[in-house]
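Secondary and tertiary structure notes
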Amino acid sequence: MLFHIDTIDLQTHSPSADSPCYQIILLPAPAEFVVDFTGYKNTTTALLFLSPYQHLSWKTASIPSATRVLFHGDFYCIEFHKKEVACNGLLFNNIYLQPVVPVEQDVYREIEQIVGKMRTEGTADAAFSESVIKAYLQLILALASKAKKQLIDAGSLIHTAPGAEGALFQQLLEKHFIMERSAHLYAERLNLSLSAFSKKIKHQLGKPPTALIQERVILESKKQLHLTYLSIKEIAARLGFDDEHYFSRYFKKQVGISPSSFREQVGISIVAQKNP
């Protein structure tokens, strides 16, 4: 399946099946849910963005169901179009920003109408339907990116001020996550006890440092699997794993499937580099 629109039941409270597709879930009313073991909630109309094989489960919802748009990377390549819609790293694949984007009701209604047009176009027997659907999808991503950036600029989403522990930890993590996977080491670099460090990072970034370290390693693993032609062994070595089998176990524990299965299901991007 490269593109699909369906309706998901929010009242069952059972985990949604992890998908090899990118997902956009329209939330017309408040709901609480868990993405990759971190809890989130929306209090108004919102959009939820998920990357391939992110874990999602519902806690509570004031609505019985929600509309979901799924698309595979082979249908619409996020990396290829990231400059056009500015969504890569803003809507998808960002461990520091929440995946749910509150939007004003007029924006939500506009996106809802666009999804309706995509449904109609999907049933049309026309050679250019795929191009039209991609154009609609690109418009949704652009509108959502704009809304999220406005919230970030206004300080309405989880963020940290320059010089705060969370911001410094992000800088350190981006620089050292391959070789340093212990929260204790980052706490030492910030001259904090492990307990104080963990509390500050959880408060400022919404997740404990151990979770962010794991997520950063897994995010890089997914990027290497999707955006390069490197072998699993080469990726394991590049990420500081001495044993590719240990890397595979580490990846499967966090993602739910093996690195080879992930690559098989998600595919290698058209922008993949053969010799990165």
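Parameters and conventions
- Residues numbered from 1 in each chain as written.
- Predicted model: local features only at pLDDT ≥ 70, side-chain atom pairs only at ≥ 80, totals over all residues.
- Heavy atoms only, no water.
- Helix = DSSP H or I, 4+ residues; strand = E, 2+ residues; numbered from the N terminus.
- Rg over C-alpha atoms; globule rule 2.2 N^0.38 Å.
- Buried < 20%, exposed > 50% of the residue type's maximum accessible area, 1.4 Å probe, protein only.
- Contact = heavy atoms within 4.5 Å.
- Areas by Shrake-Rupley, 256 points an atom, 1.4 Å probe, with all protein chains shown as cover.
- Lys, Arg positive; Asp, Glu negative; His and termini not counted.
- Charge placed at Lys NZ, Arg CZ, Asp CG, Glu CD.
- Arc of directions from axis to C-beta.
- Patch = residues over 30% accessible without salt bridge, like charges linked within 9 Å, V, L, I, M, F, W, Y side chains within 5 Å.
- Salt bridge = Lys/Arg side-chain N within 4 Å of Asp/Glu carboxyl O.
- Pairing = 2+ DSSP bridges.
- Axes fitted to C-alpha atoms, helices over the stretch in contact; angles between N-to-C directions.
- Parallel < 35°, antiparallel > 145°, perpendicular 65-115°, else oblique.
- Nonpolar A, V, L, I, M, F, W, Y, C, P; charged D, E, K, R; others polar.

Check the secondary structure of the protein and you find 10 helices and eight strands. The globule rule puts the C-alpha radius of gyration for 276 residues at 19 Å, and the 19 Å found for the protein is close to it. The C-alpha extent of the protein, read off along each of the three principal axes, is 60 × 40 × 35 Å. Across the 276 residues that make up the protein, the buried fraction comes to 50%. Counting only contacts in the protein whose residues sit at least 6 apart along the sequence, the fraction spanning at least 24 positions is 73%. Accessible surface computed for the protein: about 13600 Å², of which carbon and sulfur atoms make up 52%. If the 29 positive side-chain charges of the protein are averaged to one point and the 27 negative ones to another, these points end up 5 Å apart.

Let us look at helix H1 (residues 78-85). Given 3.6 residues per turn, any residue in an α-helix points the same way as the ones three and four places further on. Restricting attention to buried positions, one finds in H1 the residues Ile78, Glu79, His81 and Val85. Along the axis of H1, the buried positions cluster into a sector of 160°, meaning they face one direction only. Turning to H1, the residues buried within the fold contact strand S2 (22-27), strand S7 (65-71), helix H3 (129-153) and helix H7 (209-227). Of the residues one or two after H1, Ala86 is the one with positive phi, at around 50°.

Once that is clear, we can look at a nonpolar patch on the surface. On the surface, Phe80, Ile270 and Val271 cluster together into a nonpolar patch covering about 300 Å² of accessible area. Residue placement: Ile270 occurs in the segment after helix H10 (259-266). A relative accessible area of 66% places Ile270 in the exposed class.

On to the sheet that holds strand S4 (residues 38-42), then. Spatial ordering of the open sheet is given by S4-S3-S6, a layout of three strands whose pairing is antiparallel. Two strands close off the open sheet at either side, each with one partner strand: S4 and strand S6 (56-61). Each neighbouring strand pair of the sheet contributes to a mean axis angle of 25°, computed without reference to strand direction. The sheet contact formed by strand S3 (residues 31-35) and S4 spans five bridges and is antiparallel. Bridge pairing in S4 places Val35 opposite Thr38.

Angle between the axes and distance between the axes: these two values describe a pair of packed helices. Running from amino to carboxyl end, helix H4 (residues 165-176) crosses helix H6 (residues 194-205) at an angle of 95°, the nearest separation of the two axes being 9 Å. As far as their axial angle goes, H6 and H4 are roughly perpendicular. Contacts between H4 and H6 involve Glu165, Gly166, Phe169 and Gln170 from the former and Phe197, Lys200, Ile201, Gln204 and Leu205 from the latter. Grouping the constituent residues of the contact of H4 with H6 by class yields four nonpolar, three polar and two charged.

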